Amino acid sequence: MNFEQTRKILDVLLKNKITPNLEGKHGIGKTEFIRQYAKENGYEIIEFRMGMCSDAGDLVGIPSIKQVEINGASDLSTVFATPDFFPRSGKYILFFDEWNRCQVKELYQAVFNLMLEGKMNQYSLPPESRLVLASNPGGTDMYDVFEFSDSAFHDRACKLVITPSAQEYLKHNKLKHSKSSILRFLEGYPDLIWANLDKADDKNPDYSGRTWTRLMEVESTNPDTSVLETIMMSMV
C-alpha cells in the first residue's frame, strides 16, 4: 500500500489502540511519514531507534534501591528509573524505529508489555498516547534483522507493508525542492527513484528515494556543477 492508504488505516488503528508496524525497505520515507502524521494529528513524537540499542536498560531503565513502606514496616525495594524520554502526560506517539534491527531480546519484551499493558515498569503511558513500530522486511540478505516470531505479538500488532508511489514522492519533494533540476529529471524518469534493491551490486547501486532527496539538498547549496556530478555518480 502507499502512504495515503496507510494514513487512513493508521487513523483507525490508533483510535482503537492497535499498534501498527510499518514494514518497508529503507529510504522509502517511513520515519518522515510518521513525523508528519504526528504533527498533522496533534501528537508529540518520541523516537526510539531500536537498532542502536545494545542493552535492555536503554529502554526499561536502570534499577535502583529505594526505601519503601510495606505493611507498615520500612523496607528496601528495587525500582526502575525509567528513561527521561518516557512520557508522563500529554498526547504522544512513541515511535520505535528499526523495530526488528535490535538483537537484545529483552527490549522486545519491554515493547510487547507496552503494547499489552500500556506500562513500562511502574509507569503508564498517558491515555492519549500511542505506539507505532517501523521495520525492514525479513527473509532476505538485505537486512540484518531479528525474526521476532512470537505469535502473541503478531496477534496484537497490525503489519502494514508499504510500497510508496513515485507520485507521492514527487509531490512531497516539490514542497521543498520545486526548483531542483534533479526533481525535474525524476519527473521524467520516475522509475529511477528507487533502485532494484534485490539486484544491488557494483553495477546496480543500492540507492533509494532518500538518496535523491539528499542530492536535492546538496544541489540547493549551489555547488559547482562538476562537484555535484561527482557526488551524484558516487551515490547513484
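Here's a quick rundown of the structure.

Re the sheet that holds strand S2 (residues 44-49)
Taken in spatial order, the five strands make up an open sheet running S2-S5-S8-S1-S9, and their pairing is parallel. A strand with exactly one partner marks an edge of an open sheet, and here the two such strands are S2 and strand S9 (157-161). Within this sheet the neighbouring strands show an average axis-to-axis angle of 20°, counted without direction. Here strand S5 (residues 92-97) pairs with strand S8 (residues 130-135) via four bridges, running parallel. Bridging from a neighbouring strand, Leu94 pairs with Leu131 of S8. Contacting strand S1 (19-23), S5, S8 and S9, helix H1 (residues 3-15) runs over the sheet at an angle of about 155° to S1. The sheet contacts of helix H2 (residues 30-40) involve S1, S2, S5 and S8, and relative to S5 the element is tilted by about 175°.

Re the packing of helix H7 (residues 181-188) against helix H8 (residues 209-219)
The interhelical angle for the contact between H7 and H8, taken along N-to-C directions, is 145°, at an axis separation of 8 Å. Here Ser181, Ile182, Leu183, Phe185 and Leu186 of H7 lie close against H8, whose contacting residues are Trp212, Leu215, Met216 and Glu219. The residue inventory of the contact of H7 with H8, partitioned by class, reads seven nonpolar, one polar and one charged.

Some points on the nonpolar core
Of all hydrophobic cores here, the largest spans 26 residues; its most connected members are Met50, Leu59, Leu94, Phe96, Val111, Leu114 and Leu131. Contributing elements (two or more residues each) for this core: S2, helix H3 (57-60), S5, helix H4 (105-117) and S8. Looking at which element gives the most residues to this core, the answer is H4, with seven residues. Non-local contacts of Leu94, meaning those with residues more than four positions away in its chain, are made with Ile46, Phe85, Phe86, Pro87, Leu114, Leu125, Arg130, Leu131 and Val132. Ranked by size, the runner-up nonpolar core spans 17 residues in total, among them Leu14, Ile34, Tyr37 and Leu160.

Parameters and conventions
- Residues numbered from 1 in each chain as written.
- Predicted model: local features only at pLDDT ≥ 70, side-chain atom pairs only at ≥ 80, totals over all residues.
- Heavy atoms only, no water.
- Pairing = 2+ DSSP bridges.
- Helix = DSSP H or I, 4+ residues; strand = E, 2+ residues; numbered from the N terminus.
- Axes fitted to C-alpha atoms, helices over the stretch in contact; angles between N-to-C directions.
- Contact = heavy atoms within 4.5 Å.
- Nonpolar A, V, L, I, M, F, W, Y, C, P; charged D, E, K, R; others polar.
- Core = buried A, V, L, I, M, F, W, Y, C linked by side-chain atoms within 4.5 Å.
- Buried < 20%, exposed > 50% of the residue type's maximum accessible area, 1.4 Å probe, protein only.

These results come straight from atomic positions and should not be treated as a statement about function.
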